[in-house]
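Spelled out from the first residue to the last, the chains are:
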Amino acid sequence: MTLPCQFPQQRPYNVGQVVNIKAKVNRAFNSSMEVGIQVASEDLCSEKQWSVCKALATFVAYRELSKVKLKQTTPRTEEEKTEHSVAAERRRMRLLYADTIKDLLANCAIQDDLESRDCSCMVPAEKTRVESVELVLPPHANHQGNTFGGQIMAWMENVATIAASRLCRAHPTLKAIEMFHFRGPSQVGDRLVLKAIVNNAFKHSMEVGVCVEAYRQEAETHRRHINSAFMTFVVLGADEQPRTLPWIRPQPGDGERRYREASARKKIRLDRKYIVSCKQAEMPLSVPWDPSNQVYLSYNNVSSLKMLVAKDNWVLSSEVNQVRLYTLEEDKFLSFHMEMSVHVDTTQAFLLLSDLLRRPEWDKHYRS
């Protein structure tokens, strides 16, 4: 399972308040499915409600160690149709995530201004390193003996919070979780080694990398990498505004790699937040294009077009040579929708459309 999670507001929920959790399957693919989750809290005394966090979880169905082919979901409402369509784009983004990071590091200017910073104000990354060991007991596992994913997530957040607090010398607040990847299960009797370190610190936020390894006491040298995640923390002041954080000084080698990758993930996160959060009416006529945000521009385009085409008041204006032209008038906008039947071998169509690298072969405007 993978799980990106965002905490849009810093307001927590306390004892005596109601937590509403909503989840639904946005789309089922061959053996995996995307589940959208929304968490909101409510104060019964004041009747105030607020959003706590949102998450998108990807599950894979197994039966006797083999993947199960899933039945496809049928969207009914306009919102469900949009989520159903955009889920495929999110899946493509997830599969291309590692390549996007590599492209950013290789082709784009990730600021590397370590030499220009005052070393006396920098905290060595090694000082933030935390390692903890947890023993999986029966209350931590389900009826199959596998550790609850939520329990592992709680342990991971604990070590990440400690690592973050060693940088800021204060109590950090979790802002977002990215690429929470469950690589394999752990069982009752396993010992889990949880490791955390601050990869990079920005002006008002920091990224903490966490990984989990499992082993049996009789085979301590054989550790299985079962979980990993990147968590973003902020430190709130008395005015509830993020405080300025000290800079981090990475260790040479692997530490510098994590440092630069954290900067790339921040750029992706900010691009995604800007493009995806824009309302359709507020979307600028032109968004600056570069190789780092092409995936998210595509994400936004698919979302906007699917919302538009799902409307039920399109009018067929003309049909010439099997080319149909539909129009839609709303407020001050006139939209066009064209349909044309093309006879192409299915194998050739799949090869062209399934591989993003082959898109220039059929989309001459893709690069420009």
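Residues numbered from 1 in each chain as written. Predicted model: local features only at pLDDT ≥ 70, side-chain atom pairs only at ≥ 80, totals over all residues. Heavy atoms only, no water.

The protein chain carries the name Acyl-coenzyme A thioesterase 11 in an unreviewed UniProt entry, which gives Leptonychotes weddellii as its organism.

Q: Give a description of unusual backbone geometry that names residues and reports values.
A: Here Glu47, not a glycine, exhibits a phi torsion of approximately 60°, which is positive. Examined against the element boundaries, Glu47 turns out to sit in the loop between strand E3 (32-42) and strand E4 (49-60). Since its relative accessible area comes to 64%, Glu47 is described here as exposed. Within the chain, Glu240 stands out as a residue other than glycine whose phi angle is a positive 65°. Following the sequence through the fold, Glu240 ends up in the loop between strand E12 (224-234) and strand E13 (247-249). (Helix = DSSP H or I, 4+ residues; strand = E, 2+ residues; numbered from the N terminus. Buried < 20%, exposed > 50% of the residue type's maximum accessible area, 1.4 Å probe, protein only.)

Q: So, helix H1 (residues 78-95): which residues are in play, and what are the values?
A: Taking 1.5 Å of rise per residue, the 18 residues of H1 would be expected to cover 26 Å, and the 26 Å separating its terminal C-alpha atoms lies within 8% of that figure. Three or more residues of H1 are buried, namely Thr82, His84, Ser85, Val86, Ala87, Glu89, Arg90 and Met93. Looking at where H1 begins, the residue whose side-chain oxygen comes 3.1 Å from the main-chain nitrogen of Glu80 is Thr77. (Expected span 1.5 Å × (residues − 1). Polar contact = N/O pair within 3.5 Å; in protein donor to acceptor, adjacent residues only side chain to side chain.)

Q: Summarise the sheet that holds strand E16 (residues 333-340); cite the residues concerned and give the values.
A: A sheet is described by the order of its strands in space; here three strands give the open sequence E14-E15-E16, paired in antiparallel fashion. Each edge of the open sheet carries a strand with a single partner, namely strand E14 (315-320) and E16. Strand-to-strand twist across the sheet, computed as the mean angle between neighbouring axes with direction ignored, equals 20°. As judged from the five bridges shared by E14 and strand E15 (residues 323-330), these two strands associate in the antiparallel manner. Across the sheet, the residue bridging to Glu319 is Arg324, located in E15. (Pairing = 2+ DSSP bridges. Axes fitted to C-alpha atoms, helices over the stretch in contact; angles between N-to-C directions.)

Q: How would you sum up the confidence of the model for the protein chain? Please name residues and give values.
A: Detail in the predicted coordinates should be disregarded across regions flagged by low pLDDT. When pLDDT is averaged along the protein chain, the result is 82; 83% of the residues meet or exceed 70. Averaged pLDDT values over the elements of the protein chain bottom out at 63 in strand E1 (residues 2-6) and peak at 96 in strand E8 (residues 130-135). Long-range and interchain partners of residues 280-286, a stretch whose pLDDT sits below 50, account for six contacts in this model, where long-range means more than four residues apart. (pLDDT = per-residue confidence, 0-100. Contact = heavy atoms within 4.5 Å.)

Q: Lay out a positive patch on the surface in plain terms, naming residues and giving numbers.
A: Residues Lys127, Arg166, Arg169 and Arg249 make up a contiguous surface patch of positive charge. Within the secondary structure, Arg249 is located in strand E13. (Patch = residues over 30% accessible without salt bridge, like charges linked within 9 Å, V, L, I, M, F, W, Y side chains within 5 Å. Areas by Shrake-Rupley, 256 points an atom, 1.4 Å probe, with all protein chains shown as cover. Salt bridge = Lys/Arg side-chain N within 4 Å of Asp/Glu carboxyl O. Lys, Arg positive; Asp, Glu negative; His and termini not counted. Charge placed at Lys NZ, Arg CZ, Asp CG, Glu CD.)

Q: Can you tell me about the pairing of strand E10 (residues 191-201), naming the residues and giving the values?
A: Most of E10 is tucked away, with nine of its 11 residues classed as buried. Here six bridges tie E8 to E10, and the two strands are oriented antiparallel to one another. Among the inter-strand pairings, Val133 is bridged to a residue of E10, identified as Val193. With 10 bridges joining them, E10 and strand E11 (residues 206-215) adopt antiparallel strand pairing. Pairing of Leu192 across the sheet is with Ala214, part of E11.

Q: Describe in detail the side chain of Glu261, supporting the description with residues and values.
A: In this fold, Glu261 is placed in helix H4 (residues 254-277). Ignoring any residue separated from it by four or fewer positions in sequence, one finds Glu261 in contact with Ile101 and Leu105.

Q: Go over the nonpolar core, please, and point to the residues and values.
A: Grouped burial of nonpolar side chains is what soluble globular proteins tend to show. Counting residues in each nonpolar core, the largest one holds 36 residues, and the members touching the most others are Met156, Leu192, Met206, Val208, Val210, Met231 and Phe233. Secondary structure elements with two or more residues in this core: helix H3 (149-168), strand E9 (173-182), E10, E11 and E12. Top contributing element to this core by residue count: H3, with nine residues. Excluding anything up to four places from it in sequence, Met231 contacts Met156, Glu157, Ala160, Leu174, Ala176, Ile177, Phe180, Met206, Glu207, Val208 and Val210. Core analysis: the second largest hydrophobic core is formed by six residues, Ala28, Met33, Val35 and Val68 among them. (Core = buried A, V, L, I, M, F, W, Y, C linked by side-chain atoms within 4.5 Å.)

Q: How would you sum up H3? Please name residues and give values.
A: Helical geometry note: an α-helix holds 3.6 residues per turn, so side chains three or four residues apart project in the same direction. The first and last C-alpha atoms of H3 sit 28 Å apart over 20 residues, in line with the 28 Å expected at 1.5 Å per residue. Backbone geometry just after H3 places Arg169 at a positive phi near 55°.

Q: So what's going on with the environment of Ile226? Which residues, and what values?
A: In this fold, Ile226 is placed in strand E12. Separated by 43 residues in the primary sequence, Ile226 and Arg183 place their C-alpha atoms 4.7 Å from one another. Ile226 has contacts with His181, Phe182, Arg183, Gly184, Pro185, Ser186, Leu192, Val212 and Ala214, leaving out every residue within four places of it along the chain.

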